[in-house]
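So the chains spell out like this:
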Amino acid sequence: MSDKQVTRLFPKIIWFNHLMIEQFIYPVRKFYQFPAHDILFNKANFRKNHAERNEYAHFKSCSVSFLPASEFLILKEYLKSIKMETAAKTSPIKTVNPFNNELVKSFEIMGDEQIESKIAVADHAFQTWKKTPMADRAQLLRRVAHLMRVKSVQLEKLATLEMGKLVTESRAEVGLCAAIFDYYAENGEKFLADQPLETPQGSAFLSFEPIGVLLSIQPWNFPFYQITRSAAPHLMAGNTMLLKHASNVPQCAQIMEDIFLEAGFPAGVYQNLFIPGSKIDVLVADKRIKGVTLTGSEPAGSSIAAAAGKYIKKSTLELGGSDAFVVLDDADVEQAAEAAVRGRMWNAGQVCVSPKRVIAEEGIADLFLDKVKAKFAALKVGDPMDETNRSGPLSSEKAVEDVIKQVQKAVEQGATVLAGGHRIDRPGAFMEPTILTGIQPGTAAYEEEIFGPVFMFYKVKDEQAAIDLANATDYGLGGSVFSSNNERAVKVARQIDTGMVYINHVTGIAPELPFGGTKHSGYGREQSQAAIYEFVNSKLIRVTTPESAY
């Protein structure tokens, strides 16, 4: 619509419902500088004229009088475009490049009607998808894996653009996702086969049946992997899925839905939702949604668990961790130092299973720390698209601000900064790789997870002290033990209260290995055979006779 058309139409008398003032009137006056008397704000006048006049056209909560139908249609489209433009500009769902903090693209939040339509389509699709032969489901998963490999360059650059991880890390993430889809395509039918049960009379078996529409709520730090590890097993099992991804990776969320459709998945089996967190409770309450899986913060997990419990729905939670990296006095110190630095700087420290608390026995602690400091000094931080860099920005301006505050608070409470501790003086969400020591029990840094490039080092007297410190947290996700004696390392690992412990390696990720934690790190498992049973009905089918005891 041209300026000339607008200035010709708007001198006509226009009555706006009071609810429209912020959405339409302010942007219209701002852009076109209309005199105030042309727009009547008076609620009483609106009601009086709305009731008394028959010659008006109604557009949602806006009434326009004295306009021919042809002119009203022009105005209607203009108002609609203004609303969409304003909504997109103010939407929290947007791509902001953390390399320079520049806005790239915004997305309009889905309205209640769109959300209802998505749920209805997912529920309808489930009725057919659950009956689709497993071999056909597996073939579609293989196509998704193939497409991810074909589109790898596009996907890896998109992940780096939206949340700032090194493009080399994004490339590895895409490859891992393809492997996970292939894993469930290859093994899903075997995992879901009827399981015979031993019984002295007759026969019995477990039948694994899908339960319906699942809501998947995922974070930004692995924008494709987080989607994959929830979608691959549960779609293979015959469920359908609605994804609520983190608001800062909307393009990653959308392209995955596009890939599912391109692979040939029926409409409604996998859908993306552009919604704020405030809409989640309403979704959990919907009877058509049968389960919820979330990876996120402890407060978010607590809220989801409460909502799911209220409506008696299955949920799985992965809520982060404060993983201990234990270096025993017989470890290869060089290997341990390299693994600790590489693991902590992985994804700029924004990994749930990153070694956040590094604990070394005093016999090798000083040598280990010297090697760590040398490796930190050699780290090259910069453009995440540059494959020579070892670290990039954090995911957002808020993320770097939060981590800087945590470091400052740690120092105020007695910790010592051996390296870094500040923002890097350049555009973007950059922070110096940081080493903290002298962290005391009862302080914030001792208790909290720091989700950024901060290496917290502890020297302890002996093996038992290392185990005690490793367990001195409410979290229990992953952990590592470094030792030249595997038997000793396994003995220590058994005493660390977490869901996963790796020997002589940082906590890793592989399709065939279960992933999940205990304590405040959540419950349930993703990946491996274990994941596929999280959202199925393990139905007992018993064949017997009337005269049998059971």
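The rules behind the values
Residues numbered from 1 in each chain as written. Predicted model: local features only at pLDDT ≥ 70, side-chain atom pairs only at ≥ 80, totals over all residues. Heavy atoms only, no water. Helix = DSSP H or I, 4+ residues; strand = E, 2+ residues; numbered from the N terminus. Buried < 20%, exposed > 50% of the residue type's maximum accessible area, 1.4 Å probe, protein only. Contact = heavy atoms within 4.5 Å. Areas by Shrake-Rupley, 256 points an atom, 1.4 Å probe, with all protein chains shown as cover. Core = buried A, V, L, I, M, F, W, Y, C linked by side-chain atoms within 4.5 Å. Salt bridge = Lys/Arg side-chain N within 4 Å of Asp/Glu carboxyl O. 1 Å grid on protein atoms, 1.4 Å probe; cavity = no way out; pocket = protein on both sides within 12 Å on 5 of 7 lines; lining within 4 Å. Points joined across faces, edges and corners; volume = space filled by probe spheres on them. Nonpolar A, V, L, I, M, F, W, Y, C, P; charged D, E, K, R; others polar. Expected span 1.5 Å × (residues − 1). Pairing = 2+ DSSP bridges. Axes fitted to C-alpha atoms, helices over the stretch in contact; angles between N-to-C directions. Phe/Tyr/Trp six-rings, centres within 6.5 Å; stacked < 30°, edge-to-face > 60°. Parallel < 35°, antiparallel > 145°, perpendicular 65-115°, else oblique. Polar contact = N/O pair within 3.5 Å; in protein donor to acceptor, adjacent residues only side chain to side chain. Right-handed = clockwise from strand over helix to strand, strands pointing away.

When helices and strands are tallied, the protein shows 19 helices and 24 strands. A buried classification covers 53% of the 550 residues belonging to the protein. A separation of at least 24 residues holds for 71% of the contacts in the protein among residues at least 6 apart in sequence. Here the protein has roughly 24,000 Å² of accessible surface; of this, 53% comes from carbon and sulfur atoms.

Quick look at the nonpolar core now. Counting residues in hydrophobic clusters, the biggest one holds 61 residues, and the most contacted among them are Met148, Phe181, Phe224, Met256, Phe260, Phe265 and Tyr270. Looking at this core element by element, the count peaks at 10 residues for helix α8 (residues 167–191). Ignoring anything within four residues of it in the chain, the contact list for Met148 reads Leu155, Val174, Cys177, Ala178, Phe181, Phe224, Met256 and Ile259.

Right, let's talk about the pattern of salt bridges for a bit. Evaluated as defined, the whole model comprises 27 salt bridges. In this structure, Glu186 engages Arg142 in a salt bridge whose closest nitrogen and oxygen atoms are separated by 3.7 Å. Highlighted residues: Glu186 in helix α8 and Arg142 in helix α6 (residues 134–150), separated in sequence by 44 residues. When its relative accessible area of 31% is taken as the criterion, Arg142 is described as partly exposed. For Asp366, the salt bridge goes to Lys459, with nearest N and O atoms at 3.0 Å. Of this pair, Asp366 sits in helix α14 (residues 362–377) while Lys459 is found in strand β18 (residues 454–460), placing the two residues 93 residues apart along the sequence. Residue class for Lys459 comes out partly exposed when judged on its relative accessible area of 47%. A single network of salt bridges, built from pairs that share partners, joins Asp329, Asp330, Glu361, Glu463 and Arg488.

Any space left empty among the atoms is revealed by the rolling of a water-sized probe across them. In this structure, the largest pocket spans a volume of roughly 1,100 Å³. Listed by contribution, the elements that provide at least two residues to the lining of the largest pocket are α11 (280–285), β12 (289–295), α12 (298–310) and α15 (397–412). When its residues are assigned to classes, the lining of the largest pocket shows 15 nonpolar, 14 polar and 7 charged.

End to end, helix α7 (residues 152–163) covers 17 Å across 12 residues, agreeing with the expected 16 Å (1.5 Å per residue, within 8%). The complete set of buried residues in α7 reads Ser152, Leu155, Glu156, Leu158, Ala159, Thr160, Glu162 and Met163. Looking one or two residues beyond α7, the residue adopting positive phi is Gly164, at roughly 90°.

A sheet is described by the order of its strands in space; here 7 strands give the open sequence β16-β17-β18-β15-β14-β20-β21, paired in mixed fashion. If you trace the sheet from one side to the other, it starts and ends with β16 (416–419) and β21 (502–503), each paired once. Strands in contact with α15 are β16, β17 (434–437) and β18; relative to β17, the strand with the most contacts, it is inclined by about 30°.

Relative to the elements of secondary structure, Ile217 occurs in strand β9 (residues 213–217). Ile217 sits in the buried class, given a relative accessible area of 7%. Each C-alpha atom of the pair Ile217 and Ile304 lies 9.6 Å from the other, and the pair is 87 residues apart in sequence.

Every other side chain in a regular strand lies on the same face of the sheet, so the side chains alternate between the two faces. With 6 of its 7 residues buried, β18 lies for the most part within the structure. As paired strands, strand β15 (residues 357–361) and β18 are joined by 5 bridges and run parallel to one another. Bridging across to β18, Val358 finds its partner in Phe457. Pairing of β17 with β18, which is carried by 3 bridges, proceeds in the parallel orientation. Directly across from Thr434, in β18, lies its bridge partner Val454.

Moving on to the packing of aromatic side chains. Applying the stated criterion across every chain, the model contains 16 aromatic pairs. Summarising the aromatic geometry, the rings of Phe376 and Phe455 are spaced 5.6 Å apart at their centres and angled 80° between planes, so their arrangement reads as edge-to-face. Pair noted here: Phe376 is in helix α14 and Phe455 is in strand β18, with a separation of 79 residues, a long-range link. Grouped by ring-pair contacts, the aromatic residues Trp129, Phe181, Phe260, Phe265 and Tyr270 constitute a single cluster.

What follows is about the packing of α6 against helix α9 (residues 225–236). At a minimum axis separation of 9 Å, α6 and α9 run at an interaxial angle of 155°. Comparing the axis directions of α6 and α9 gives the class roughly antiparallel. Residues Met134, Arg137, Ala138 and Leu141 of α6 form the contact with α9, whose participating residues are Ala232, Leu235 and Met236. Among the residues forming the contact of α6 with α9, the class breakdown is 6 nonpolar, no polar and 1 charged.

When you line up the elements, Ser170 lands in helix α8. A relative accessible area of 1% places Ser170 in the buried class. Within the local environment of Ser170, its side chain forms a polar contact with the side chain of Thr160, the two groups lying 2.9 Å apart. The contacts of Ser170, once residues within four sequence positions are left out, are Glu156, Ala159, Thr160 and Lys165.

The subject of this paragraph is the environment of Gly264. Counting through the fold element by element, Gly264 comes out in the loop between α10 (250–263) and β11 (270–273). Classification of Gly264 as partly exposed rests on a relative accessible area of 37%. Sequence separation of Gly264 and Leu141 is 123 residues, and the distance between their C-alpha atoms is 9.5 Å.

By the secondary structure assignment, Gln226 is in helix α9. Residues within four places of Gln226 in sequence aside, it is in contact with Gln218, Pro219, Asn221 and Thr295.

All right, on to the packing of α7 against α10 then. Viewed as axis vectors pointing N to C, α7 and α10 meet at an angle of 155°, and their least axial separation amounts to 9 Å. By the angle between their directions, the pair α7 and α10 is classed as roughly antiparallel. Two secondary-structure elements touch here, α7 through Gln154, Leu155, Leu158, Ala159, Leu161 and Glu162 and α10 through Pro250, Gln251, Cys252, Ile255 and Ile259. Of the residues contributing to the contact of α7 with α10, the split by class is 8 nonpolar, 2 polar and 1 charged.

Neither face of strand β20 (residues 479–482) is left uncovered, since the one carrying Gly479 and Val481 and the one carrying Ser480 and Phe482 both have all their residues buried. As defined by bridge partners, strand β14 (residues 324–327) adjoins β20 across 4 bridges and the pair is classed as parallel. Across the sheet, the residue bridging to Ala324 is Gly479, located in β20. Sheet topology note: the β20/β21 ladder contains 2 bridges and is parallel. Note on β21: the bridge partner recorded for Val481 is Ile503. Between the parallel pair β20 and β21, the chain is carried across by helix α18 (residues 486–494), and the sense of this crossover is right-handed.

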